[in-house]
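Take a look at the letters that make up each chain.
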Amino acid sequence: MYNINKDLANILYKMAAIYEFKDDTFRARAYERAAHIVEDLPDDIRNYVKEGKLLSIKGIGPGIASKIEEYIRDGKISKYEELKKEVPEDFIELIDFPGIGAKSLKKIYQELGITTKNELIKALKDGRVEQLKGFGKKKVEGMLKAIKMHEIAQRRMLLWHALELANYIVEELKQLKEIRKIEIAGSIRRRKITIGDIDILVVADDNDRHKIMDFFVSLPEVKEVLVKGDKKTSVIIKTKSGREKQVDLRIFREDEWGAALQYFTGSKEHNVHVREIAKEKGLKLNEYGVFKVDTEEKIAGKTEEEVYNAIGLPYIVPELREDRGEIESAIKGELPDLVEFSDIKGDMHVHSNWSDGVNSIDEIIRFVKEKYKYEYIVITDHSKSQRVAHGLDENRILEEIEEIRKLNKLIGFDFIKIGTEVDILLDGSLDFPDEILAKLDFVVASVHSHFKRDNTDRILKAMENPYVNVIGHPTGRLIGVREGYPVDLDAVIKKAKETGTALEINCQPLRMDIEDTWIRRAVEEGIMLAISTDSHNLGSFEYMKQGVWLARRGWATKKNILNTRSWDEVLKFVNEKRKKMGGIPVGA
Ligand code: DGT
Ligand code: CA
Ligand code: CA
Ligand code: ZN
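The structure contained in this document is the topic of the report that follows. (Residues numbered from 1 in each chain as written. Chains lettered and ligands numbered in written order. Predicted model: local features only at pLDDT ≥ 70, side-chain atom pairs only at ≥ 80, totals over all residues. Heavy atoms only, no water.)

1. Considering the coordination of the zinc ion (ligand 4)
- Donor atoms from the polypeptide that coordinate the zinc ion (ligand 4) comprise E421 (OE), H448 (NE2) and H473 (NE2), at 2.1 to 2.3 Å from the metal.
- Sequence spacing of the donor residues for the zinc ion (ligand 4), all on one chain, is E-x26-H-x24-H. On the criterion of sequence distance, the pair formed by E421 in strand β13 (residues 416–423) and H448 in the loop between β14 (442–446) and α20 (456–464) is long-range, its members being 27 residues apart.
- Classification of H448 as buried rests on a relative accessible area of 18%. (Donors = N, O, S within 2.8 Å, 3.2 Å for Na, K, Ca; no water. Helix = DSSP H or I, 4+ residues; strand = E, 2+ residues; numbered from the N terminus. Buried < 20%, exposed > 50% of the residue type's maximum accessible area, 1.4 Å probe, protein only.)

2. Focus on unusual backbone geometry
- The peptide bond linking G266 to S267 adopts the cis configuration, its omega dihedral lying at -5°.
- Along the chain, S267 falls in the loop between α13 (257–265) and α14 (268–280).
- A cis amide bond links D513 with the next residue in sequence, I514, at an omega value of 20°.
- Along the chain, the position of I514 falls in the loop between β16 (502–506) and α22 (516–525).
- Although it is not a glycine, M512 sits at a positive phi angle of roughly 35°.

3. What to know about the sheet that holds strand β2 (residues 181–184)
- With mixed pairing, five strands are arranged side by side in an open sheet as β2-β4-β7-β6-β5. Here the strands that pair on one side only, and so sit at the sheet edges, are β2 and β5 (222–228). Direction aside, neighbouring strands of the sheet carry axes that sit 20° apart on average.
- With seven bridges connecting them, strand β6 (residues 232–238) and strand β7 (residues 244–252) associate as antiparallel partners. Among the inter-strand pairings, I236 is bridged to a residue of β7, identified as Q246.
- Relative to the sheet, helix α12 (residues 209–217) contacts β5, β6 and β7, its axis offset from that of β7 by approximately 170°. (Pairing = 2+ DSSP bridges. Axes fitted to C-alpha atoms, helices over the stretch in contact; angles between N-to-C directions. Contact = heavy atoms within 4.5 Å.)

4. Section: the nonpolar core
- Core analysis: the largest hydrophobic core is formed by 98 residues, its most contacted members being I169, I188, I200, I377, I459, L529 and I531.
- Ranked by the residues each element gives to this core, the list is headed by helix α10 (residues 159–173), at 10 residues.
- One finds A16, A34, Y48 and L124 within the second-largest nonpolar core, a separate group that totals 54 residues. (Core = buried A, V, L, I, M, F, W, Y, C linked by side-chain atoms within 4.5 Å.)

5. What about the coordination of the calcium ion (ligand 2)?
- Binding of the calcium ion (ligand 2) to the protein goes through D197 (O), D197 (OD) and D199 (OD), at separations of 2.2 to 2.6 Å.
- Around the calcium ion (ligand 2) sit six donor atoms; with metal-centred angles ranging over 71 to 168°, the donor geometry is irregular.
- A separation of 3.7 Å is found between the calcium ion (ligand 2) and the calcium ion (ligand 3), which share D197 as a coordinating residue. (Tetrahedral: all angles 85-135°; square planar, octahedral: opposite > 155°, others 65-115°.)

6. Here we look at the site of ligand 1
- What surrounds ligand 1 is a group of 16 residues, the closest being R156, S187, R190, G196 and D197.
- Here an oxygen atom of ligand 1 sits 2.9 Å away from a polar atom, N or O, in the side chain of R156.
- The side chain of R190 places a nitrogen or oxygen atom 2.9 Å from an oxygen atom of ligand 1.
- Bound to the protein, ligand 1 loses 71% of the 590 Å² it would expose on its own.
- If you list the elements that add at least two residues to the shell around ligand 1, you get α11 (186–189), α13 and α14.
- For the shell around ligand 1, the two domains that each supply at least three residues are domain 3 (156–252) and domain 4 (264–335). (Near = heavy atom within 4 Å. Polar contact = N/O pair within 3.5 Å; in protein donor to acceptor, adjacent residues only side chain to side chain. Areas by Shrake-Rupley, 256 points an atom, 1.4 Å probe, with all protein chains shown as cover. Domains from an automatic or database assignment.)

7. Let's talk about the packing of aromatic side chains
- Within the structure shown, the criterion is met by 15 aromatic pairs.
- Look at F367 and F541: their rings are 6.2 Å apart centre to centre, the planes differ by 35°, and that puts the pair in the tilted class. A residue pair is termed long-range when its members are at least 10 positions apart, and F367 in helix α17 (residues 361–371) and F541 in the loop between β17 (529–532) and α23 (544–553) qualify at 174 residues.
- F367 sits in the partly exposed class, given a relative accessible area of 21%.
- Following the ring pairs from residue to residue traces out a cluster consisting of F252, Y263, F264 and Y288.
- Positioned above the aromatic ring of F135, the side-chain terminus of K139 is 5.1 Å from the ring centre.
- For R482, the ring lying beneath its charged end belongs to F451, and the centroid distance is 4.0 Å. (Phe/Tyr/Trp six-rings, centres within 6.5 Å; stacked < 30°, edge-to-face > 60°. Lys NZ or Arg CZ within 6 Å of the ring centre and 35° of its normal.)

8. A closer look at the environment of K133
- Mapped onto the elements, K133 comes out in the loop between α8 (117–125) and α9 (137–155).
- Look at K133 and you get exposed, because its relative accessible area is 71%.
- When the C-alpha positions of K133 and K107 are compared, they lie 9.1 Å apart, and in sequence the two are 26 residues distant.

9. Details of the pairing of strand β9 (residues 289–292)
- Of the strand pairs in this sheet, strand β8 (residues 283–286) and β9 are connected by four bridges, and their pairing is antiparallel. When the bridges of β9 are listed, L285 appears paired with V290.
- Joining the antiparallel neighbours β8 and β9 is a turn of two residues.
- In the sheet, β9 pairs with strand β10 (residues 298–300) via two bridges, with the strands oriented antiparallel. In the strand pairing of β10, F291 is matched with K298.
- Here β9 folds back onto β10, and the loop between the two strands holds five residues, one of which, E296, carries a positive phi near 65°.

10. Section: α9
- Between its first and last C-alpha, α9 extends 28 Å over 19 residues, near the 27 Å set by a 1.5 Å rise per residue.
- What α9 keeps buried is the set V140, M143, A146, I147, M149, H150 and A153.
- Of the surrounding secondary structure, the elements contacted by the buried residues of α9 are α6 (89–94), α7 (102–112) and α8. (Expected span 1.5 Å × (residues − 1).)

11. Focus on α20
- For α20, the full list of buried residues reads T456, R458, I459, A462 and M463. End-on view of α20: buried residues confined to an arc of 165°, all on one side of the axis.
- Elements in contact with the buried residues of α20: β15 (470–471), α21 (489–499) and α24 (567–580). (Arc of directions from axis to C-beta.)

12. Regarding the sheet that holds β17
- If you walk across this open sheet you meet the seven strands as β11-β12-β13-β14-β15-β16-β17, and the pairing is parallel. Looking at the sheet topology across the chains shown, the edges are occupied by β11 (346–350) and β17.
- Note that β16 and β17 share four bridges and pair parallel. Bridged to E504 within β17 is A530.
- Where helix α18 (residues 394–411) meets the sheet, its contacts fall on β12 (376–382) and β13, and the angle it forms with β13 comes to roughly 160°.

Now the structure itself:
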C-alpha cells in the first residue's frame, strides 16, 4: 500500500525546517514533533481522521490537525505551498537533509546572498562560508559531504520506498481488466537495496495496448512523459514528498511473458552470461523467447522456468541474478535453498518505550502476536550511554526485567526474551557490567559513536565478552546519509567464528547493513547471522521481509540465520558461547 503517513511526515519535516529558516523556533519544534508522531503511527493516518481521533493524538494540536485534514482531502497543504515561496527554490530539497541545516542555509543566504545549489557548493569550496561566524572548516566539509550524499539519495531510491511506489502503480493499473498479467521487474525484483528506476511488465492483447498506455500516462502522479509507444512507455512520476522517479511500462504477448520477465529482471551481467550459455548451444535468447539460431524456430518463452530450462539451466531466483557464480552453481545443480520469511521464528532487536521506542512492551506483544507467527521477541532497549535515546541504567534494566517477567506470566509463556542493545564504548568495553549482562537472555552490542575512526578493535573486543551474542548494524552505514565507519569485516567475521558471536543483518531501510557480498562471506565462513528489524515502532516489524531478501542476495540458507531457530536452539547458541568464553549460563 502507498504509505501516506510517510509522505505526510516528509512534508511536516519540510515545514519544520522552513520555520527554522524563518527563525520561528516554536513552530519548527511543533511541526518536527508532529512529523515524528505521524511517521511512527501504527495505523494509516486517514483512519484517525475518519474516526475523529486526530486531536486525541498527543502532540497534534488544532493548527496542525487542520493541515493534516487538508492534506488528506486535497493532497496538499496550502500553507506549505506558501512557505516554500519564502525559501530559495534550490534550498527546499536540501533544507531538512541531515548535515545541512536550515539555520546554516539561512545564514549563507543572508550574508552571502546565495540562492542556488551550485552557488552554495562554490561558496563552500572557495572559503567564503568558512569565514562566516559560526562556521569552520569541519562544518563546511560536513556540509559538502552531506550535499554529495543528498545527490546520491536523489538519484537512487531505497528498495522499500521504490517497492511501495511500484506496488501503488501496479494497483492502479490493475483496475484495467485488459491487463492479464502484471509484474514488477528490474532491480526491485532482484531486491537490490537501492533502485535506479522502476520497471513494470504487462501481458495484454495487441489492440488493448493503446488504451493501457493512455491510462498509464494519465495517472495523476505522472509529471512528464519521456516516451510513449505501444510496446514501451516511460514516464517521470512525482511522489507527494517531491521525489521524482522514472517508471518504464512494457507490454508483451502471453507467449513472450517468461522471456520478457527474464530479460527485464536482469541483471545485465547475469543476462550477458545466460546468453553466452545459450549461444554455445546454438540458441538465441531475447525478450521475446528462446530461438534456434539456424532455423529461427522458437522453442521457449511462456514462462521463466521454461526459458532457463530451454538453455539447460534450472530456474534461478531473481535475488541471485548478479552473475556472482549463480550460473556456475546452477549448472552443477548446487544452487542454495535460500532462507524465506516463513522460516523466521522471532525478532532479536526491538526497542520499547523504556528507551527510544514508541510503544510499550505490552503493545508490542499484542501487535506482534496478532500479526506474525513468531515464537519470541527479544526486547533490546539501549544502555545508559545513549542519553538521547533514554538508555537504561543498571537500576532501570532490572526494573524492565521485572516488568517483562510479569507480562510473560500474563501470556502464559516467555514470549518476550530479555535483552539489551548495549553500547560498545570507545575502548571496546561495554556499557553494562557483566553481572547485569549475565541476567539477560540475549545481548546485542553496537557501536553508536566515533564514526570517523577505524572501529575494528572495539568490535573485536566486544565479541570477546561471553555475553555478547550479536554485533548490531556492524558497519554503521546509513544509505545516502553517512558512510559506514572504517572496519575490517574480514577480521570481524574471523572473530565471530572464533567466539561464537553472530552478526546482524539490520532491516531498517537506511541501514540494510551488512552488504550482500559480506553476508555471502559470512555464509561461506559458516558464522551465524541474525536478521533483526531494530524496530522503534510497530510499522517497522514488516521490514523483516527486506532483511530476508538481503540475506537471500547473500546466498543465506535457513541454517545460516539464528532467528530461524526455536528459542531452545538459540539458547544453545548463547550458552555455548558463555561456556567457551568463561561466562555463567542463562538462568544459573
Ligand atoms: P536500476 O534501475 O539501475 O536499479 O537497475 P535495473 O537492473 O533495474 O536496470 P534497468 O532498469 O536499466 O534495466 C532493467 C533490466 O533490463 C536490466 O536489469 C537488464 C535488462 N536490460 C536493460 N537494458 C539492457 C541491455 O542493454 N542489455 C541487456 N542484456 N539487458 C538489458
Ligand atoms: Ca530499473
Ligand atoms: Ca528501466
Ligand atoms: Zn543501534
